[in-house]
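Structure at a glance
Listed here are the chains, written in short residue letters.
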Amino acid sequence: LREGAKKVMARWREWYGFPVVAEIEAESQPAQPPKDGPRQAAFFSGGIDAFYTALDFGDGSGRAQRGPIDDLILVHGFDVKLYTKELLERASMGAHVTAETLGYGIVDLTTNLHDTRLPKVPWGEIGHGAALVSCALALEGRYTRILMPSSYTVEHAPPWGSHPEQDPLLSTSSYE
């Protein structure tokens, strides 16, 4: 993760002209294998990109490429603000119905990261990808792989906070 984060910062320097790549001082931790064996999840916002991933890339070919999804992960506080209780409840209800219909489990996470730690960070260009990775890190002992639905195809992906060449760099020795 430490080495991957340095590469992501170098990419942001290239994309956005950031003046430096920050030094990261952190000790390595031993890998934490999932307690329940290898499991896979996908972030799920209820948007078209999330449905595309949840529905096996839309055409049914995804399962053979990436294996089965065990759970969908809904993060409250990113797309829908925490102070909009009614919208949060509706988003959660829709995600739970979707997960049940598709035969997946569901994990609800709530975070104030967007509002308290990243309020001045450009959300689309930088913030949302790193924020999703922080949620994945919180679930590290539960999954071996967490899918981040993409807004763009690999061939047409512009500089963005979540990018198919960038996201895998933020893996650890325990999960991808």
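The notes below deal with the structure included here. All values reported here derive from a predicted model rather than from experimental measurement. (Residues numbered from 1 in each chain as written. Predicted model: local features only at pLDDT ≥ 70, side-chain atom pairs only at ≥ 80, totals over all residues. Heavy atoms only, no water.)

Moving on, we get to the overall build of the protein. Broken down by element type, the protein carries six helices and four strands. In the protein, the succession of helices and strands from N to C terminus is α-β-α-α-β-α-β-α-α-β. Taken over C-alpha atoms, the radius of gyration comes to 16 Å for the protein, in line with the 16 Å a tight globule of 176 residues would show. Overall size of the protein, expressed as C-alpha extent along the three principal axes, is 45 × 35 × 35 Å. Looking at the protein residue by residue over its 176 residues, the buried ones come to 39%. For the protein, contacts bridging at least 24 residues in sequence account for 73% of all contacts bridging at least 6. For the protein, the exposed surface amounts to about 10,300 Å²; the carbon and sulfur share of it is 55%. Measuring between centres, the 16 positive side-chain charges of the protein sit 4 Å from its 23 negative side-chain charges. (Helix = DSSP H or I, 4+ residues; strand = E, 2+ residues; numbered from the N terminus. Rg over C-alpha atoms; globule rule 2.2 N^0.38 Å. Buried < 20%, exposed > 50% of the residue type's maximum accessible area, 1.4 Å probe, protein only. Contact = heavy atoms within 4.5 Å. Areas by Shrake-Rupley, 256 points an atom, 1.4 Å probe, with all protein chains shown as cover. Lys, Arg positive; Asp, Glu negative; His and termini not counted. Charge placed at Lys NZ, Arg CZ, Asp CG, Glu CD.)

This part covers the pairing of strand S1 (residues 40-43). A two-sided burial pattern is seen for S1, the buried positions comprising Gln40 and Ala42 on one face and Ala41 and Phe43 on the other. Where S1 meets strand S4 (residues 145-147), three bridges bridge the pair, whose relative direction is parallel. Each bridged residue has a counterpart across the sheet, and for alanine 41 the counterpart in S4 is isoleucine 146. One ladder, built from three bridges, connects S1 with strand S2 (residues 71-76); its direction is parallel. Residue phenylalanine 43 lies in a different strand from S2, and its bridge partner there is isoleucine 73. (Pairing = 2+ DSSP bridges.)

Attention now goes to the sheet that holds S2. Strand order in this open sheet of four strands is S3-S2-S1-S4, and the pairing throughout is parallel. The open sheet is flanked by strand S3 (105-110) and S4, the only strands paired with a single partner. Adjacent strand axes in the sheet meet at a mean angle of 25° when their direction is disregarded. Across the sheet, helix H4 (residues 85-102) is in contact with S2 and S3; its angle to S2 comes to roughly 175°. (Axes fitted to C-alpha atoms, helices over the stretch in contact; angles between N-to-C directions.)

This brings us to the pattern of salt bridges. Applying the stated criterion to the full structure yields seven salt bridges. Measuring nitrogen to oxygen at the nearest pair gives 3.7 Å for the salt bridge that ties arginine 2 to glutamate 3. Several salt bridges share partner residues, and in doing so they unite Arg2, Glu3 and Lys6 into one network. (Salt bridge = Lys/Arg side-chain N within 4 Å of Asp/Glu carboxyl O.)

The next thing to look at is helix H1 (residues 2-16). Between its first and last C-alpha, H1 extends 21 Å over 15 residues, near the 21 Å set by a 1.5 Å rise per residue. Gly4, Ala5, Val8, Met9 and Trp12 are the residues of H1 that are buried. Take H1 and look down its axis: the buried residues cluster within an arc of 140°, on one side only. What points out from H1, more than 90 degrees from its buried face, is the exposed set Lys7 and Glu14. In this structure, the buried residues of H1 make contact with helix H6 (123-138). (Expected span 1.5 Å × (residues − 1). Arc of directions from axis to C-beta.)

On to the nonpolar core, then. Within soluble globular proteins, side chains that are nonpolar generally end up buried alongside one another. In terms of nonpolar packing, the biggest core is built from 25 residues, with Phe43, Ile73, Val75, Phe78, Leu109, Tyr143 and Ile146 touching the most fellow members. Mapped onto this core, the elements with two or more residues apiece are H1, S1, S2, S3 and H6. Counting residues per element, this core draws most heavily on H6, which supplies seven residues. Not counting residues up to four positions away in its chain, the partners in contact with phenylalanine 78 are Thr111, Leu113, His114, Trp123, Ala131, Leu132 and Cys135. (Core = buried A, V, L, I, M, F, W, Y, C linked by side-chain atoms within 4.5 Å.)

In short, geometric facts, not functional conclusions.
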